[in-house]
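One-letter residues, chain by chain:
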Amino acid sequence: MWLREERLSLVLPIERSSDGVWQQKARYSQPDLHDELVLDIDGPFSSVASAETYVVRFVVTGDRNAGKSTLLHAFVNAHDRDWLRVTSLLPVLTGTFANARFAGAFEPSVPRDELPYLDTDVARCTLVLTREDFLFFLREFDLPVVGEMATYDYAAIEFLELGGDHLDAMIQRGGSGEKKKQHTAASALHAAALDKSTDIVTTVDRFAYFLNCDALIAATTTEEEQGKESSSSSSSSSSGKGGKKNQ
């Protein structure tokens, strides 16, 4: 596991832009793809804009360390041992992954989460497929087929991940009174990212919430153990009181 994480860190290096934003980028294109189909995504807010492309957008959020960034990166991570399994389901023509941490502009060290990923504020994965491959995928999994797809040559799937800290800041920023006063953006760029994220969530097609099952099971187990200890302690106390009365 450690070797795999270290290898991923080399494949997905972390850079810092001139304005202080920590970021990671990855890209995949089929080797025989024409240049005009190659996506050039500069950041997590870049989007597909083409009259020939039908776009489906998702927002991905959820528990910490639930695999959100791992999922988005998997669609373009041709170095992974399971890459062929991914492309057998979604034969991607071209795709990009961009991961950014806006709130960390003044953090002295890399704001990491689980290796190899940043502690994400916003991440985006964009995939482009042919219309035929996208329709086949929909039918294979009994998903609804959009009638207007027939007028497009390509389909693009966009996943936008909102990190927990970023989502909390969006909620506070959109609040009022004392709730709004609790939030101060780390920079003008961070504030712009929060506003842009708020605009995007009003236009997406679907939302997906990821659960960290390991943390959920651990929390449930702890609660059960505490309940047993409390019950055992209560029983012992009752037994002790009864013994004194009998004496």
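Structural data are supplied above this passage.
Remember, predicted model here, so these are calculated numbers, not experimental data.

Some points on helix 4 (residues 131-140)
- Inspection of helix 4 places F134, L135, F137 and L138 among the buried residues, and these make up the whole buried set. Viewed end-on, helix 4 has its buried residues packed into an arc of 155 degrees, placing them on one side of the element. Facing away from the buried side of helix 4, by more than 90 degrees, are the exposed residues F136, R139 and E140.
- Each element contacted by the buried residues of helix 4 is listed here: strand 3 (53-62), helix 3 (83-89), strand 5 (122-130) and strand 6 (154-162).
- Immediately beyond the C-terminal end of helix 4, within one or two residues, lies D142, with a positive phi of roughly 55 degrees.

Quick notes on the packing of aromatic side chains
- Under the defined criterion, the tally for this structure stands at six aromatic pairs.
- Seen in terms of ring centroids, F58 and F159 are 5.4 Å apart; in terms of plane orientation they differ by 20 degrees. Their pairing is stacked. Of this pair, F58 sits in strand 3 while F159 sits in strand 6; the two residues are 101 residues apart in sequence, bridging distant segments of the chain.
- Accessibility expressed as a relative area gives 13% for F159, which makes it buried.
- The interplanar angle of 50 degrees and the centroid separation of 5.1 Å between the aromatic rings of F137 and F141 together place this pair among those described as tilted.

Quick notes on helix 7 (residues 188-201)
- Relative to the 20 Å expected for 14 residues at 1.5 Å per residue, helix 7 spans 20 Å between its end C-alpha atoms, a close match to the ideal helical length.
- Each element contacted by the buried residues of helix 7 is listed here: strand 5, strand 6 and helix 5 (164-173).

Focus on a nonpolar patch on the surface
- There is a patch of nonpolar side chains on the surface, built from L89, F141 and L143 and spanning about 270 Å² of accessible area.
- By secondary structure assignment, the location of F141 is in the loop between helix 4 and strand 6.
- Judged by its relative accessible area of 43%, F141 is partly exposed.

With respect to the sheet that holds strand 3
- Taken in spatial order, the seven strands make up an open sheet running 1-2-4-5-6-3-7, and their pairing is mixed. Bordering the open sheet on either side are strand 1 (15-16) and strand 7 (206-210), each of which pairs with just one other strand.
- Of the strand pairs in this sheet, strand 1 and strand 2 (residues 22-29) are connected by two bridges, and their pairing is antiparallel. Among the inter-strand pairings, R16 is bridged to a residue of strand 2, identified as W22.
- This element, helix 5, spans strand 3, strand 4 (94-101), strand 5 and strand 6 of the sheet and lies at about 80 degrees to strand 6.
- Relative to strand 6, helix 7 is tilted by about 130 degrees, and along the sheet it contacts strand 3, strand 5, strand 6 and strand 7.

What about the pairing of strand 2?
- Hairpin connection from strand 1 to strand 2: five residues lie between these consecutive antiparallel strands, with G20 at a positive phi of about 90 degrees.
- Bridging between strand 2 and strand 4 involves eight bridges; their strand directions are antiparallel. Pairing of Q23 across the sheet is with A100, part of strand 4.

Brief notes about the side chain of R124
- Turning to its location among the elements, R124 is positioned in strand 5.
- A distance of 2.9 Å separates the side chain of R124 from the side chain of E158, its partner in a polar contact.

Some details on the pattern of salt bridges
- One pass over the structure, following the stated rule, counts eight salt bridges.
- The shortest N-O distance in the salt bridge between R101 and D119 comes to 3.6 Å. Highlighted residues: R101 in strand 4 and D119 in the loop between strand 4 and strand 5, separated in sequence by 18 residues. In terms of burial, R101 and D119 fall into one category: buried.
- Of the charged contacts, one joins R101 and D165 as a salt bridge, the two residues approaching to 3.7 Å between their closest N and O atoms. Highlighted residues: R101 in strand 4 and D165 in helix 5, separated in sequence by 64 residues.
- Look at R101 and you get buried, because its relative accessible area is 8%.
- What you see here is one network of salt bridges that share partners, running through R64, R101, D119, D121 and D165.

Thresholds applied
Residues numbered from 1 in each chain as written. Predicted model: local features only at pLDDT ≥ 70, side-chain atom pairs only at ≥ 80, totals over all residues. Heavy atoms only, no water. Buried < 20%, exposed > 50% of the residue type's maximum accessible area, 1.4 Å probe, protein only. Helix = DSSP H or I, 4+ residues; strand = E, 2+ residues; numbered from the N terminus. Arc of directions from axis to C-beta. Contact = heavy atoms within 4.5 Å. Phe/Tyr/Trp six-rings, centres within 6.5 Å; stacked < 30°, edge-to-face > 60°. Expected span 1.5 Å × (residues − 1). Patch = residues over 30% accessible without salt bridge, like charges linked within 9 Å, V, L, I, M, F, W, Y side chains within 5 Å. Areas by Shrake-Rupley, 256 points an atom, 1.4 Å probe, with all protein chains shown as cover. Salt bridge = Lys/Arg side-chain N within 4 Å of Asp/Glu carboxyl O. Pairing = 2+ DSSP bridges. Axes fitted to C-alpha atoms, helices over the stretch in contact; angles between N-to-C directions. Polar contact = N/O pair within 3.5 Å; in protein donor to acceptor, adjacent residues only side chain to side chain.

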